[in-house]
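Each chain is listed here by its residues.
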Amino acid sequence: MSHSQLILLLEVQSARVRGSLVFTEKKDIPRIVYATEVEFSFHTEKGTPYHVDKTITAVEQVIHHCLRHIHGIEWSSHLPRSVDRVHYILSSPWIISRAQQISIGFNKDTKITLEKVSSIIANQRNDILPRGDTSFEIIEEKVFDVRLHGYRIEQWHGKKAKQLDISFALSIAGTETIRRFRDACAHAVESDAISFHSGLLLEHIAISHLVPQIKNYTIIHVHGELTDVVEVKDGTCSVFGSFPLGSNTIVRTIGDELHISTEHADSSLSLYEHGQLDIHHARHIHTAIHRTQHAWSLQLERVLNKDQSLSGLYRTIIIGAHTHETFFTDALTSIPHHGRIEHLDLDMIKTKVHINTIQKTSRSTALYAIAIHSMQ
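The following refers to the structure shown.

Each value, and the rule that gives it
Residues numbered from 1 in each chain as written. Predicted model: local features only at pLDDT ≥ 70, side-chain atom pairs only at ≥ 80, totals over all residues. Heavy atoms only, no water. Helix = DSSP H or I, 4+ residues; strand = E, 2+ residues; numbered from the N terminus. Rg over C-alpha atoms; globule rule 2.2 N^0.38 Å. Buried < 20%, exposed > 50% of the residue type's maximum accessible area, 1.4 Å probe, protein only. Contact = heavy atoms within 4.5 Å. Lys, Arg positive; Asp, Glu negative; His and termini not counted. Charge placed at Lys NZ, Arg CZ, Asp CG, Glu CD. Phe/Tyr/Trp six-rings, centres within 6.5 Å; stacked < 30°, edge-to-face > 60°. Pairing = 2+ DSSP bridges. Axes fitted to C-alpha atoms, helices over the stretch in contact; angles between N-to-C directions. Parallel < 35°, antiparallel > 145°, perpendicular 65-115°, else oblique. Nonpolar A, V, L, I, M, F, W, Y, C, P; charged D, E, K, R; others polar.

1. Concerning the overall build of the protein chain
Tallying secondary structure elements over the protein chain gives ten helices and 15 strands in all. The C-alpha radius of gyration computed for the protein chain amounts to 22 Å, which stays within 12% of the reference 21 Å derived for 376 residues, consistent with globular compactness. In terms of overall dimensions, the protein chain has a C-alpha envelope of 75 × 55 × 45 Å along the principal axes. The buried share of the protein chain, taken over its 376 residues, is 51%. Considering only contacts within the protein chain whose residues lie at least 6 apart along the sequence, 68% involve residues at least 24 apart. Of the charged side chains in the protein chain, 38 are positive and 42 negative; the average position of the first set lies 7 Å away from that of the second.

Here it is as structure tokens:
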């Protein structure tokens, strides 16, 4: 990393693209200096090409807004006038992440090198993405944990062992979609200055810096049409999952059940969250909301039950939603999760990132900035 950089974060979700300009320096925490977003509608009856086109258009609009702001009169003269690097941060359905654990026994003490670990992971990569399959590509790979004889070793390179355990995660995405994402920002940066990340993985990295004492937790990220989940056990991602019920889906479902417009359903849900919906006069609305909460809870519980080793384990539930967060938090109370629900406090997050923008900045954006800065 050079002494300072201006980076563009592009968060691509299921019905929203958010762009943020972040100024980073080696000796200081990152600064979010501008943020903008574009929302777009989702139509269940239309196929993948339609939604890819809508998403790419939103990406292009966000990039345009960010670059225009850099050259506007409100831009500080102390900041660079060009973007050094672009980081795409992908949520489902644009990315699939998988947690992997490999255990290997050797006949004799074997020197564990970076090359050996990389070769083992490469073989596993071929199992996930068969040779000759060009429709997907691996865009991110992170090793969480290397254990020798069952013990976590920080400085494992060059040591000898008969038993090796590796925990890591791989993220894959559609090759054609990645190409179009690259093309969308080709006029802003060179191709080798574009990186792709899993949003869930970045949140995990940021949380490990913010609250390193928390080792067992679940991250729940609710966006437009989907909910993404990652289970973390002993500081290592163990299960990734997602299901097609997001904040927009919830509002549409309530509207369809009550035969009211999406706007009316959204307003009713907001009133419910603020305790302003009289149950005696709006019992049918309460019923529809509770039924939808139950449907979301059931889907989440299926993901949480994938790893039976987490059953009964005390853990922290970290939830974030762009809208209607209270609805989802309330829904969590019906699920046996043996832990506490946590909304990361923005004041705590601000100890690791400056937010110098009048535009609303989400907690997730701040977490992404922290994670990427820690990786540079």
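After presenting the structure, the write-up continues.
2. Concerning the packing of aromatic side chains
Counting across every chain of the model gives six aromatic pairs. Geometrically, the ring pair formed by Trp94 and Phe181 is edge-to-face, given 6.5 Å between the ring centres and 80° between the ring planes. One end of the pair, Trp94, is in the loop between strand 4 (85-90) and strand 5 (96-111); the other, Phe181, is in helix 3 (residues 175-184), and 87 residues separate them in sequence. Note on Trp94: relative accessible area 10%, which makes it buried. Ring centres of Phe327 and Phe328 lie 4.9 Å apart, and the angle between their planes is 85°; this geometry places the pair in the edge-to-face category. Judged by relative accessible area, Phe327 falls into the buried class, the value being 0%. We classify Phe328 as buried; its relative accessible area is 0%. An aromatic cluster is defined as three or more aromatic residues linked by ring pairs; in this entry it consists of Tyr88, Trp94, Phe181 and Phe196.

3. Looking at the sheet that holds strand 7 (residues 151-152)
Read across the sheet, four strands follow the order 5-8-6-7 without closing on themselves; strand pairing throughout is antiparallel. This sheet does not close on itself; its edge strands, each paired only once, are strand 5 and strand 7. The sheet contact formed by strand 6 (residues 136-148) and strand 7 spans two bridges and is antiparallel. Bridge pairing in strand 7 places Leu148 opposite Tyr151.

4. Describing the pairing of strand 3 (residues 31-39)
Bridge analysis of strand 2 (residues 16-25) against strand 3 gives eight bridges, and the strand direction is antiparallel. From the neighbouring strand, Val22 faces strand 3, where its bridge partner is Ile32. Between the end of strand 2 and the start of strand 3, which pair antiparallel, lie five residues. Bridging between strand 3 and strand 15 (residues 354-355) involves two bridges; their strand directions are parallel. By the bridge assignment for strand 15, Ile32 is matched with Ile355.

5. Remarks on the packing of helix 5 (residues 247-258) against helix 6 (residues 262-273)
Remark: helix 5 packs on helix 6, axes separated minimally by 8 Å, with the N-to-C direction vectors making an angle of 105°. Relative to helix 6, the element helix 5 is oriented roughly perpendicular. In contact with Ile250, Val251, Arg252, Ile254 and Gly255 of helix 5, helix 6 contributes Thr262, Ala265, Asp266 and Leu269. In terms of residue class, the contact of helix 5 with helix 6 is built from five nonpolar, two polar and two charged.

6. Remarks on the pairing of strand 11 (residues 227-233)
Counting buried residues in strand 11 gives six out of seven residues, a clear majority hidden from the surface. As defined by bridge partners, strand 10 (residues 217-222) adjoins strand 11 across six bridges and the pair is classed as antiparallel. The partner of Thr218 across the bridge, within strand 11, is Glu231. In this antiparallel pair of consecutive strands, strand 10 and strand 11, the connection spans four residues. Bridge count between strand 11 and strand 12 (residues 236-243): seven bridges; the pairing is antiparallel. If you follow Lys233 over to strand 12, its bridge partner there is Thr236. Remark: two residues form the turn of the hairpin made by strand 11 and strand 12, two consecutive strands paired antiparallel; Asp234 in that turn has positive phi of roughly 55°.

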